[in-house]
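Here is how the chains run, residue by residue.
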Amino acid sequence: MIEAKNVSKRYGETLVVDGVTLRLPVGGITSIIGPNGAGKSTLLSMMSRVMPMSSGNVLVDGLDVTTTPGDTLAKRLAILRQDNHLTARLTVRELVAFGRYPHTQGRPTAQDREHVERAIEHMGLSALADRFLDEMSGGQRQRAFVAMVLCQDTDHVLLDEPLNGLDLKHAVSMMKRLRHAADTLGKSFVLVLHDLNFASCYSDHIVAMRDGKVAFQGRPEDIMRSDVLRAIYELDISVQQIDGDWIATHYR
Amino acid sequence: MSASAPSVSPLRPLLGLGCVAVAFMALFMLVDVSGPWDFVLPFRGKKVATALLVGYAVAVSTVLFQTVTGNRVLTPAIMGFDYLYVLIQTCLVFFLGSTTVAGLDPRVLFGAEVIIMVAFSAMLHGWLFGMARGNVHLLLLTGVVMGVLFRSLSSFVQRVIEPNEFIFLQDRFFASFNDPEHELLLLSAALTLGVSVLGLRLLRACDVLVLGREAAINLGVDYPRTVSWVLALVAILVAVSTALVGPVTFLGLLVANLAYAVMRTYKHAFVIPAAALIAAIALVAGQLILERVFRLDTNPRVIIEFVGGAVFIAMLMRKATR
């Protein structure tokens, strides 16, 4: 379980994340939504110890992320940030194999290679496994990075805007794959999402942030309501139930 | 650029490079001997040893530095490392006088200089990690400013120094491959060996650093610790190469990028030996051509720096147009 206690991030005078206390459910998909600058990505980065917090603490399965050794945490929690810049030329398989590093310290066994192949297959990249990342489209690259994080085989997987740069088909297939991984492998996913309807259709739990604070949280049907969405986005959004899903129509 | 994976084992190009390096070394040792062998061989052997050591130090320090900074256009020189060494030497001569400096035990002197350089890198790095939270760009910017400072300070001191002392200094910095001090060479070799043994343990963590800071932290690498270790090793290696032959700015850039191109892998276990071999080839072959073909007894550094500088500009232009 991931637990944030009074977590804040301050840049000079501005509070980006303002005393967030949050207990994320175990298993399933939790989505963090909210307008730009709400502090979603910052919170995710602090929960995964990639960014130090100004105050407060975060526990992952009871381990404090600021004091627990990095290699211990790397076996429990994986994070993928938005921009992933590489200096070296890597193939998809080489990149995904990095996901085994916490378990092998760079000396993979046959079992690890199996893990790698499974992650590649899971993200639908088998045909591209030997391609260099800089010769692929942004969406394919994004899938390769997600495959690396899945290959890390942690209980908690944190993804910052995993749908960034994906077209409709691949966005849907990404969400389906994450849903599948959550249901069959028992992993807990925490996603920062911008698309309300993807959050609504695929999440078990939604956390809505605004001005550095958690404004609302609950099941999709609790969040996908005109009054709640207006408070989050300052926008009149009507919500319709279509085929059992709550869909926001915010285009006009 | 081919789209297929590097199916050839990286060992093969490495072996090829090794053969070329050995061939050049043999050629250098054996060609055109016109004197007693027991004089020529040790005399030339010392030159080859210097070239190997300098090549290794420059190549390894550059590759590690580029990994840590995530940038393949940079060399440790940009952090002001080599000019710090020049500044230390200049200040020594200025304050103590050339006779005192020349009288000092070179091992003690060199040891002290290495310690100062590592302390500098640790200080710069520790201070910046506190301030900039591991922001490598800020680290580099500070390095550039420091480099200019060291360079200007040393040239200022060199200007006000007595002419005789200046000549003594110049002699030190432009110590070529022709007359390396025997003891310095041994000490450098020992130091480089020590650094390499320490560095072996960081090799796999360095592979992960290629993914960038956040991904490295995610994969459980102790990022600040690894980076400070790597920077300390880089400082020692730069001290070794600068002590032996003076600042060599572009050789590292040249050999590191050639090594990436030849090896086509991110793995340091392959890239580092390749870069070191390429550097050895460049230095030995350069010296050979200069001595035997052009009959000029100058320093091959000049030519390597010229070629390296041209490559540097080409790389910058390519990045700019991309």
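The following refers to the structure shown. Computed from a prediction, not measured in an experiment: that's the story for all the values here.

## Things to note about the interface of chain B and chain A
Next, step 1: The partner chain A presents 32 residues to the 25 residues of chain B that form the contact.
Next, step 2: Taken together, both faces of the contact between chain B and chain A bury some 2500 Å²; the carbon and sulfur share is 58%.
Next, step 3: Applying the counting rule to chain B against chain A returns 1 salt bridge.
Next, step 4: Glu214 of chain B is paired through a salt bridge with Arg81 of chain A; the nearest N and O atoms lie 2.9 Å apart.
Next, step 5: Where chain B touches chain A, the interface holds 5 residue pairs in polar contact (both at pLDDT 80 or more).
Next, step 6: Secondary-structure elements contributing two or more residues to the side of chain B that touches chain A are helix 9 (203–209) and helix 10 (213–218) of chain B.
Next, step 7: A class-by-class count of the residues in the side of chain B that touches chain A yields 12 nonpolar, 6 polar and 7 charged.

## Focus: the sheet that holds strand 2 (residues 14–24) of chain A
Residue and element names in this part refer to chain A.
Next, step 1: In spatial order, the strands read 2-1-4-5; together these 4 strands make up an open sheet with antiparallel pairing. Of all the strands in the sheet, just strand 2 and strand 5 (63–64) have a single pairing partner and so form its edges.
Next, step 2: Relative to strand 2, strand 1 (residues 2–11) runs antiparallel, the two being bridged by 7 bridges. Considered in strand 2, the bridge of Ile2 is made with Leu24.
Next, step 3: Against the sheet, helix 1 (residues 40–47) contacts strand 1, strand 2 and strand 4 (55–60), and its axis sits at roughly 60° relative to strand 2.

## Brief notes about the pairing of strand 1 of chain A
All names here are of chain A.
Next, step 1: Here strand 1 folds back onto strand 2, and the loop between the two strands holds 2 residues, one of which, Gly12, carries a positive phi near 60°.
Next, step 2: In the sheet, strand 1 pairs with strand 4 via 5 bridges, with the strands oriented antiparallel. If you follow Lys5 over to strand 4, its bridge partner there is Asn57.

## Some thoughts on helix 1 (residues 11–30) of chain B
Residues and elements named next belong to chain B.
Next, step 1: Taking 1.5 Å per residue as the helical rise, helix 1 with its 20 residues ought to reach 28 Å, and the 28 Å between its terminal C-alpha atoms agrees with that figure.
Next, step 2: Residues Leu14, Leu17, Gly18, Ala21, Met25 and Phe28 constitute the buried set of helix 1. In an axial view of helix 1, the angular spread of the buried residues amounts to 105°, which keeps them on one side of the axis. Helix 1 presents Arg12, Leu15 and Cys19 as exposed residues on the side facing more than 90 degrees away from its buried surface.
Next, step 3: Against helix 2 (37–69), helix 12 (250–263) and helix 13 (268–293) lie the buried residues of helix 1.
Next, step 4: A positive backbone phi angle near 60° is found at Asp32, which sits one or two residues after helix 1.

Criteria and thresholds
Residues numbered from 1 in each chain as written. Chains lettered and ligands numbered in written order. Predicted model: local features only at pLDDT ≥ 70, side-chain atom pairs only at ≥ 80, totals over all residues. Heavy atoms only, no water. Contact = heavy atoms within 4.5 Å. Buried area = accessible area lost by both parts, 1.4 Å probe. Salt bridge = Lys/Arg side-chain N within 4 Å of Asp/Glu carboxyl O. Polar contact = N/O pair within 3.5 Å; in protein donor to acceptor, adjacent residues only side chain to side chain. Helix = DSSP H or I, 4+ residues; strand = E, 2+ residues; numbered from the N terminus. Nonpolar A, V, L, I, M, F, W, Y, C, P; charged D, E, K, R; others polar. Pairing = 2+ DSSP bridges. Axes fitted to C-alpha atoms, helices over the stretch in contact; angles between N-to-C directions. Expected span 1.5 Å × (residues − 1). Buried < 20%, exposed > 50% of the residue type's maximum accessible area, 1.4 Å probe, protein only. Arc of directions from axis to C-beta.

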